[in-house]
Amino acid sequence: MAAAAAIKNATFKLLRSAGTVMTLPDDWLIFKQSGSIAAHPRNFCTKTTIGFRQQMDHTIPPKEFKWMPSNLISENFRLGPNGHVCIVLNRQIQVPPHVVKLLWKNATIRCAVDGGSNHWRNFITTQAAGSVHTKGNNDSGSPEMVEPPDLITGDFDSITEETVEFFKSTPKINTPDQDATDFTKAFTVLQPVMQQRKVRDVVVFHDSSGRLDQVMANLNTLYKMQKDNCNVYLLSGDSITWLLRPGKHTIQVPLDLVTNQRWCSLMPVGSAAHNVTTTGLKWNLYHAQMEFGGMVSTSNTYSTEFVQVQTDSNLIWSMGAYDFEEKIRSTAQ
């Protein structure tokens, strides 16, 4: 029996390396039944082979996802039945202030990451000054208060002493591990609280301009943290960005973005996507292979408010939101 088991194991190894189906001859005596040795013709194939065949035969329906970015940029500024998390990264906040304030106000958990707390302090003081100025002109109402973070995380190499003093009553959690970014480490702190409160959506204030390595690190965090119980949105002055995992995605695009033919893009970061089909875009893809060095979809736009993307691999979806960047340009001028 030891020899028979060795033959069986060798056969399975051969099948895995060959990636095919083989039939054993009838005189291979490798299975023992009812105390006797009997010959059994068998077809062997790996689970991977079975799964691949079922997908090719469309016997396994793709996992479906629905996305409503209007909740982020134009409607109730609240995600999910239990609210959302807001995270401020160490970049200047260029999202329109009314969007920032409403998303922050409606958040269940508010977190600033290291140097992001400096930018949040600046935002609070700027908004407070603006509220006082408005009150002086209108002589009515009271300045709208912007809440401090519920916690500040990071290795604290960027937060200033002035900010530490400004948020002296806010809990601060040191995350010294240098093998991960402060952004990624913040999720380690936040996830137990999110699970307890059944919160699954995370809105991240960041700006995608500046250092390319930081931009790529933020995208890497999307790949690490996007799961069934966690959707992460990167919100900047230019765009909203999130990860589309393998499956069928329906994105309901705000009508003003469709009317104004705002841009959108699909990018296969990290690995190739071998089968991507879209509907609802001006330039659709049909069973396309996407990869860097080959096909990517940038500067696309919409033909309808419902966009569908079916993909067999991870894709980064990014879309222009409102007229964020136009407002920034006009302010700069």
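Higher on the page you've got the structure.
Two numbers describe how helix α7 (residues 182–197) lies on helix α8 (residues 212–225): the axes approach to 9 Å, and their chain directions differ by 30°. Counted together, F183, T184, F187 and Q191 of α7 and N218, T221, K224 and M225 of α8 form the full contact between these two elements. Of the residues contributing to the contact of α7 with α8, the split by class is 3 nonpolar, 4 polar and 1 charged.

Scanning all chains against the criterion turns up 8 aromatic pairs. Seen from their ring centres, W120 and F123 are 4.9 Å apart, and the 20° between their planes marks the pair as stacked. With W120 and F123 both in helix α5 (residues 116–138), this residue pair falls 3 residues apart, about one helical turn. Between F183 and F187, the aromatic rings sit 5.6 Å apart at their centres with planes inclined by 45°, giving tilted as the arrangement. Of this pair, F183 and F187 both sit in helix α7, separated by 4 residues, roughly a single helical turn. Across the pair, F187 and F183 agree in class, each one buried. An aromatic cluster is defined as three or more aromatic residues linked by ring pairs; in this entry it consists of W67, Y233, W242 and W317.

Following the criterion strictly, the structure yields 4 salt bridges and no others. Between D150 and R110 there is a salt bridge, and its shortest N-O distance comes to 4.0 Å. Of this pair, D150 sits in the loop between α5 and β8 (151–154) while R110 sits in strand β7 (residues 109–113), and the two are 40 residues apart along the sequence. On the accessibility criterion, R110 (13% relative accessible area) is buried. A salt bridge links R211 to D213; the nearest nitrogen and oxygen atoms lie 2.6 Å apart.

The 5 strands lie next to each other as β5-β13-β18-β15-β16, forming an open sheet whose pairing is mixed. Looking at strand neighbours, the two that pair on one side only are β5 (64–67) and β16 (288–290), the edges of this open sheet. Each neighbouring strand pair of the sheet contributes to a mean axis angle of 30°, computed without reference to strand direction.

Core analysis: the biggest nonpolar cluster contains 49 residues, and W120, F205, Y302 and W317 have the highest contact counts within it. Considering every element that reaches this core, the biggest residue donor is helix α4 (residues 97–105), with 4 residues. Excluding residues that lie within four positions of it along the chain, F205 makes contacts with C86, I87, V88, L89, V95, V100, L103, W104 and L235. Counting 25 residues, the second-largest nonpolar core is a separate cluster that includes V85, L151, M225 and L243.

Quick notes on the rules
- Residues numbered from 1 in each chain as written.
- Predicted model: local features only at pLDDT ≥ 70, side-chain atom pairs only at ≥ 80, totals over all residues.
- Heavy atoms only, no water.
- Axes fitted to C-alpha atoms, helices over the stretch in contact; angles between N-to-C directions.
- Helix = DSSP H or I, 4+ residues; strand = E, 2+ residues; numbered from the N terminus.
- Contact = heavy atoms within 4.5 Å.
- Nonpolar A, V, L, I, M, F, W, Y, C, P; charged D, E, K, R; others polar.
- Phe/Tyr/Trp six-rings, centres within 6.5 Å; stacked < 30°, edge-to-face > 60°.
- Buried < 20%, exposed > 50% of the residue type's maximum accessible area, 1.4 Å probe, protein only.
- Salt bridge = Lys/Arg side-chain N within 4 Å of Asp/Glu carboxyl O.
- Pairing = 2+ DSSP bridges.
- Core = buried A, V, L, I, M, F, W, Y, C linked by side-chain atoms within 4.5 Å.

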